[in-house]
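# Survey of secondary and tertiary structure
For reference, the chains in residue letters:
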Amino acid sequence: MNGDQELQVIVQQGKEPNQTVQEERNQTGVTHSNTYKRWLRVAFYTFFVISGQSVATILGRIYYDNGGNSKWLATVVQLVGFPVLLPYYLLSIKTHTTTTTTHRDVQAASLMNRAAVYVVLGVLVGADCYLYSIGLLHLPVSTYSLICASQLAFNAFFSYFLNSQKLTPIILNSLLLLTISSTLLAFNNEDSNSQKVTKAQYVTSFLCTIGASAGFGLVLSLQQLAFRKVLKRQTFTEVMDMIIYVSLVASCVSVVGLFASSEWKTLSSEMDNYKLGKVSYVMNLVWTAITWQVFNIGGTGLIFELSSLFSNAISVLGLPVVPIMAVIIFHDKMNGLKVISMILAIWGFMSYVYQHYLDDKNLKRSVGIQRVESSDTTEAEGPNGQKIETSAS
């Protein structure tokens, strides 16, 4: 559906020529109520993103530190948890209304476009998660999470070209700070707590994490583009469709990679030799899968409510959480370079939040001016029955 046309139809159907003051107050109350509900949803999605990302990253590090070594299995558990969403998905789809058309070729084209979106995004997500798995294998959690902050810069770059995202001086300042923050860590070579890491392994993991961050920023921008250009509707059911089908394709990609790499042959011995025991091994994988799905729900929901850049910024908001948890749980070293990198990353994030605050403030101001202008203008009937706008002043 065309969002602008539908909005015009709704406005025309609900417009009354002589609106009373009480009706205006009622409409204002409804608007405020909808605004509060919207920001409540944003708050929930934000909590899902921060908590899901932090817990899943910590569980991934625990897996590697206690004998896990399968990069493809670590990729699979990031994606394969989507069936936990199926019960709610099946319940919510009953309320999903669809429009029918007599042109079957139009329906087929729409289905093909939808399938193409899910397949392309699914393949990208599968490859992206594999790069993240390689990055976490040889990097300390604190270093890994700080490098991931660069995904905001990549997202802004891709959104500029794909979604016409405005790059204001404040946004550019934010991206510069995040880029410097990640670049500093390239000079920070340190060993992980469980094993010695060579220079080549560190560089490989560093580059893979940078590549994964770039891929994640691209995926978020493409998701926003798909909602606007291909799916052409932004309902909660569409958000669920995006999560389910993209995760399904990405899971298939990761499972194929697991068997093609022959890593599946070592999983039995890996579970037997896991330091925390077989039960802990299985529970680690299960909860990693669940927490990544919590993160996916929050991230996609924020794209639906606001934008892909805001969704990525919120994931960066959890940046200080993971390094602090890593210092407590894994005793990672928080040296001066990491501290500077974290400060720059937080500064960059706050710059973006401030720009979003200014945009929201300007939007409210412009909406208020439009309301005042419309209230000062009334319609009168001319001698030939035509509508004539007259100003109350």
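Residues numbered from 1 in each chain as written. Predicted model: local features only at pLDDT ≥ 70, side-chain atom pairs only at ≥ 80, totals over all residues. Heavy atoms only, no water.

### Remarks on the overall build of the protein
- Along the protein, the regular secondary structure elements total 15 helices and two strands.
- Sorting the 393 residues of the protein into buried and exposed places 42% on the buried side.
- A separation threshold of at least 6 residues defines the contact pool for the protein, and within that pool the share at least 24 residues apart is 82%.
- Just so you have it, the protein exposes about 21100 Å², and 65% of that area is on carbon and sulfur atoms. (Helix = DSSP H or I, 4+ residues; strand = E, 2+ residues; numbered from the N terminus. Buried < 20%, exposed > 50% of the residue type's maximum accessible area, 1.4 Å probe, protein only. Contact = heavy atoms within 4.5 Å. Areas by Shrake-Rupley, 256 points an atom, 1.4 Å probe, with all protein chains shown as cover.)

### Some details on helix α3 (residues 71-79)
- In terms of burial, α3 is largely enclosed, as eight of its nine residues are buried.
- Where α3 is concerned, the buried positions are Trp-72, Leu-73, Ala-74, Thr-75, Val-76, Val-77, Gln-78 and Leu-79.
- In this structure Ser-70 caps α3, since a side-chain oxygen of it lies 3.1 Å from the backbone nitrogen of Leu-73. (Polar contact = N/O pair within 3.5 Å; in protein donor to acceptor, adjacent residues only side chain to side chain.)

### Focus: the nonpolar core
- One finds Tyr-63, Val-125, Val-141, Met-242, Tyr-281 and Leu-302 to be the most contacted residues of the largest nonpolar core, which totals 68 residues.
- Look past the residues within four positions of Tyr-63 in its chain and what remains in contact with it is Gly-68, Asn-69, Ser-70, Leu-73, Ala-74, Glu-270, Tyr-274, Tyr-281, Asn-284 and Leu-285.
- Counting six residues, the second-largest nonpolar core is a separate cluster that includes Ala-149, Leu-178, Ala-345 and Phe-349. (Core = buried A, V, L, I, M, F, W, Y, C linked by side-chain atoms within 4.5 Å.)

### Structural notes on empty space enclosed by the protein
- Overall, the coordinates contain three cavities of 30 Å³ or more when judged by the stated rule.
- Considering only enclosed or pocket space, the largest cavity measures out at about 530 Å³ in volume.
- Lining the largest cavity are 31 residues, with Tyr-132, Phe-216, Trp-292, Phe-295 and Asn-296 sitting closest to its centre.
- Sort the elements by how many residues they give to the lining of the largest cavity and helix α12 (residues 278-305) lands first, with five residues.
- Looking at side-chain class alone, the lining of the largest cavity contains 18 nonpolar, twelve polar and one charged residues.
- When its volume is computed, the second largest cavity comes out at roughly 130 Å³.
- Lining the second largest cavity are 16 residues, and of these Gly-60, Ala-74, Gln-78, Leu-136 and Trp-292 lie nearest its centre.
- Where the lining of the second largest cavity is concerned, the elements lending two or more residues are α2 (21-65), α3, α5 (104-138) and α12. (1 Å grid on protein atoms, 1.4 Å probe; cavity = no way out; pocket = protein on both sides within 12 Å on 5 of 7 lines; lining within 4 Å. Points joined across faces, edges and corners; volume = space filled by probe spheres on them. Nonpolar A, V, L, I, M, F, W, Y, C, P; charged D, E, K, R; others polar.)

### Side note on the pattern of salt bridges
- Overall, the coordinates contain three salt bridges when judged by the stated rule.
- Among the ionic pairs, Asp-65 bridges to Arg-61, the shortest N-O distance being 3.1 Å. Placement of both Asp-65 and Arg-61 in helix α2 is noted, with a separation of four residues, approximately one turn of the helix. The two residues Asp-65 and Arg-61 agree in class, both being buried.
- Between Lys-278 and Asp-272 there is a salt bridge, and its shortest N-O distance comes to 3.2 Å. (Salt bridge = Lys/Arg side-chain N within 4 Å of Asp/Glu carboxyl O.)

### Some thoughts on the confidence of the model for the protein
- Averaged over all residues, the pLDDT of the protein equals 76, while 74% of them reach at least 70.
- The lowest-confidence element of the protein is helix α1 (residues 3-14), averaging 38 in pLDDT; the highest-confidence one is α3, averaging 93.
- Considering only residues more than four positions removed or in separate chains, one finds that residues 1-22, a stretch of pLDDT under 50, has seven contacts.
- Predicted confidence for residues 95-109 stays below pLDDT 50, and this span has seven contacts to residues more than four positions away or in other chains. (pLDDT = per-residue confidence, 0-100.)

### Some thoughts on the packing of aromatic side chains
- Across all of its chains, the model carries 13 aromatic pairs by this definition.
- Judged by centre distance (6.2 Å) and plane angle (45°), the rings of Tyr-63 and Tyr-281 are tilted. Note that Tyr-63 is positioned in helix α2 and Tyr-281 in helix α12, a separation of 218 residues in sequence.
- Looking at Tyr-63, the relative accessible area reads 3%, which means it is buried.
- Arranged with centres 5.1 Å apart and planes meeting at 70°, the rings of Phe-157 and Phe-161 form a pair that is edge-to-face. Placement of the pair is Phe-157 and Phe-161 together in helix α7 (residues 151-162), with a separation of four residues, close to one helical turn.
- Using a relative accessible area of 46% as the deciding quantity, one classes Phe-157 as partly exposed.
- Classification of Phe-161 by relative accessible area gives exposed; the value is 56%.
- Here the aromatic residues Tyr-63, Tyr-64, Tyr-274 and Tyr-281 are joined through ring pairs into a cluster of three or more. (Phe/Tyr/Trp six-rings, centres within 6.5 Å; stacked < 30°, edge-to-face > 60°.)

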